[in-house]
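Chain by chain, the residues run as shown.
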Amino acid sequence: MKKEERDAVSMYVSEQETQETAQEVQPKSTAAAAREQRLHGRDDLPKEEETGLRYKDNLGYLKIDVASLPTQGMFYPEGTEILIRAARGEEIKHWSTMNDQDVSQLSQVDDILNYIIERCVSVKLPGIVGGNWRDLKDVDRFYLLLAVREFTFLDGDNELMVPISEGKDIPVSKEMIDFIQIPEDILSHYSPEERCFVFNLKTGRTIRMHIPSLGVTQWLKNYAQAKQQIREGFDTDFILYAPMLISDFRKLSQRAYEAMVAESSSWTVQEWSLVSHVRDSLAAASEAKIKYTNENGQEVTIPLTFRGGLKALFTISDPLSILC
């Protein structure tokens, strides 16, 4: 391969990002207790935990309770801190270029979603220098986007509506986003030490599977696009499984990834069957859903969709209202 072609498929190296640290840190025991309560379906959490937001200081950042995320913090290291700030004019301007109605623009839409996360969400991982937005799990992205939105439109006069039936909408908040519902046959293999699912096979192989992170997903997307641009083939099957087989985007390079692809060629039918089952189950469990109580007092879960599409997240429903 020519040098310029190698450069075309060389992936990004994550930049060192300045991390804002929180003056108000939740005790680890409280965070762990909150996660345990949520894992077992208990609803007696303290009100502070239910809100999911805590003021940091007067710099305009809010600290997110990691246990309130759809993943409940299960797949982040203990002591992870996540803070958000309100979106500013520059971010809204870029967001407004989104065309989420054109299926050919889905890659651009994904980039714009990540743009808001990158600019408005700060992540600090214990013991890791350079923790950043790429460490966030894909399934937590919409919760954090809604949190940023709510902090941006503090006056509450710009409700985001979701359709629940023909001609009927309800306002949505981040608290309505449902936790991921992991099947028990997979949850039983969760390792609290490794923060992932660990499967020890009779073949002697150990396979670890993860909830995909934004960094891994983005790296793989860039890799596929670069390969397509230079018309070079790649394993289009493995790349579908890769987001759940790779723990950290920092470990990724073209050489490391392609070595992983080559190593997987020795996997048995039984091993691939396991990986396929876990991938499908986790993908279904990670679909964005909201939970609300209907007029009959019944709890209902529906897919997360927005009236007006994704663009409505950071646009004003009645923009002419600012006129005199």
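Note that the structure is a prediction, hence the values are computed from the model and not measured.

Cut-offs and rules
Residues numbered from 1 in each chain as written. Predicted model: local features only at pLDDT ≥ 70, side-chain atom pairs only at ≥ 80, totals over all residues. Heavy atoms only, no water. Helix = DSSP H or I, 4+ residues; strand = E, 2+ residues; numbered from the N terminus. Buried < 20%, exposed > 50% of the residue type's maximum accessible area, 1.4 Å probe, protein only. Contact = heavy atoms within 4.5 Å. Areas by Shrake-Rupley, 256 points an atom, 1.4 Å probe, with all protein chains shown as cover. Phe/Tyr/Trp six-rings, centres within 6.5 Å; stacked < 30°, edge-to-face > 60°. Pairing = 2+ DSSP bridges. pLDDT = per-residue confidence, 0-100. Axes fitted to C-alpha atoms, helices over the stretch in contact; angles between N-to-C directions. Parallel < 35°, antiparallel > 145°, perpendicular 65-115°, else oblique. Nonpolar A, V, L, I, M, F, W, Y, C, P; charged D, E, K, R; others polar. Expected span 1.5 Å × (residues − 1). Arc of directions from axis to C-beta. Salt bridge = Lys/Arg side-chain N within 4 Å of Asp/Glu carboxyl O.

Caption draft 1: Structural view of the overall build of the chain. Along its length, the chain carries eleven helices and eleven strands. In the chain, buried positions account for 45% of the 324 residues. Sequence separation of 24 or more characterises 70% of the internal contacts of the chain that already satisfy a separation of 6 or more. For the chain, the accessible surface area stands at approximately 17,000 Å², while carbon and sulfur atoms represent 52% of it.

Caption draft 2: Spotlight on the packing of aromatic side chains. Tallying each qualifying case throughout the model produces twelve aromatic pairs. On the numbers, 5.0 Å between centres and 75° between planes, the contact of Trp95 with Phe314 is edge-to-face. Of the two residues, Trp95 is situated in helix α4 (residues 89–95) and Phe314 in the segment after β11 (299–303); the sequence distance between them amounts to 219 residues. By the burial criterion, Trp95 is buried, and Phe314 matches it. Between the aromatic rings of Trp267 and Trp272, the centroid separation amounts to 4.8 Å while the plane-to-plane angle is 45°, which identifies the pairing as tilted. Residue class for Trp267 comes out buried when judged on its relative accessible area of 13%. Taking the relative accessible area as the measure of exposure, Trp272 reaches 24% and is therefore partly exposed. An aromatic cluster is built from Trp219, Tyr223, Phe234, Phe238, Tyr241, Tyr257, Trp267 and Trp272, whose rings are joined through pairwise contacts.

Caption draft 3: Quick peek at the pairing of strand β9 (residues 206–209). On β9, burial follows the alternation: Ile207 and Met209 on one face are buried, whereas Thr206 and Arg208 on the facing-out side are not. Bridge count for strand β8 (residues 196–200) against β9 is four bridges, and the pairing is antiparallel. Pairing of Val198 across the sheet is with Arg208, part of β9. The loop that links β8 with its antiparallel partner β9 comprises five residues; one of these, Gly204, has a positive phi angle of about 95°.

Caption draft 4: Summary view of the confidence of the model for the chain. Residues at a pLDDT of 70 or more form 78% of the chain, whose mean pLDDT is 81. Below pLDDT 50 for its whole length, residues 1–59 participates in 113 contacts with residues either more than four positions away or in separate chains.

Caption draft 5: Fine view of the side chain of Asp135. Mapped onto the elements, Asp135 comes out in the loop between β4 (121–124) and α6 (141–152). Not counting residues up to four positions away in its chain, the partners in contact with Asp135 are Tyr76, Leu125, Gly130, Ser213, Asp248, Phe249 and Arg250.

Caption draft 6: Here's a closer look at the packing of helix α9 (residues 238–245) against helix α11 (residues 269–285). The interhelical angle for the contact between α9 and α11, taken along N-to-C directions, is 70°, at an axis separation of 10 Å. In terms of orientation, α9 lies roughly perpendicular with respect to α11. Residues Phe238, Leu240, Tyr241, Met244 and Leu245 of α9 form the contact with α11, whose own contacting residues are Trp272, Val275, Ser276, Arg279, Leu282 and Ala283. Here the contact of α9 with α11 is built from residues that sort into nine nonpolar, one polar and one charged.

Caption draft 7: Just the sheet that holds β9, in detail. If you walk across this open sheet you meet the three strands as β7-β8-β9, and the pairing is antiparallel. Two strands in the sheet have a free side with no partner beyond their single neighbour: β7 (190–191) and β9.

Caption draft 8: Geometry of unusual backbone geometry. Despite not being glycine, Arg195 shows a phi value in the positive range, around 60°. As for its placement among the helices and strands, Arg195 is situated in the loop between β7 and β8. A positive phi angle, close to 55°, is found at Arg231, a residue other than glycine. With respect to the helices, strands and loops of the structure, Arg231 is situated in the loop between α8 (214–229) and α9. Note on Arg231: relative accessible area 77%, which makes it exposed.

Caption draft 9: Region of interest: α11. The end-to-end C-alpha separation of α11 is 24 Å, in line with the 24 Å expected for 17 residues at 1.5 Å each. Regarding α11, the residues found buried are Glu271, Val275, Val278, Ser281, Leu282 and Ala285. Along α11, the residues classed as buried sweep out an arc of 135° about the axis, all on the same side.

Caption draft 10: How the structure looks around the pattern of salt bridges. With the rule as written, the count across this model stands at 21 salt bridges. The partner of Glu295 in a salt bridge is Lys168, and the shortest N-O contact between them spans 3.4 Å. Here Lys168 lies in strand β6 (residues 168–171) and Glu295 lies in the loop between β10 (289–293) and β11, a separation of 127 residues in the sequence. By relative accessible area, which is 69% here, Glu295 ends up exposed. One salt bridge in this structure joins Lys174 and Glu175, with 2.6 Å as the shortest N-O distance. Residue classification places Glu175 among the partly exposed residues on the basis of a relative accessible area of 41%. Salt bridges here are not isolated pairs; linked through shared partners, they connect Asp110, Asp111, Arg141 and Lys221.

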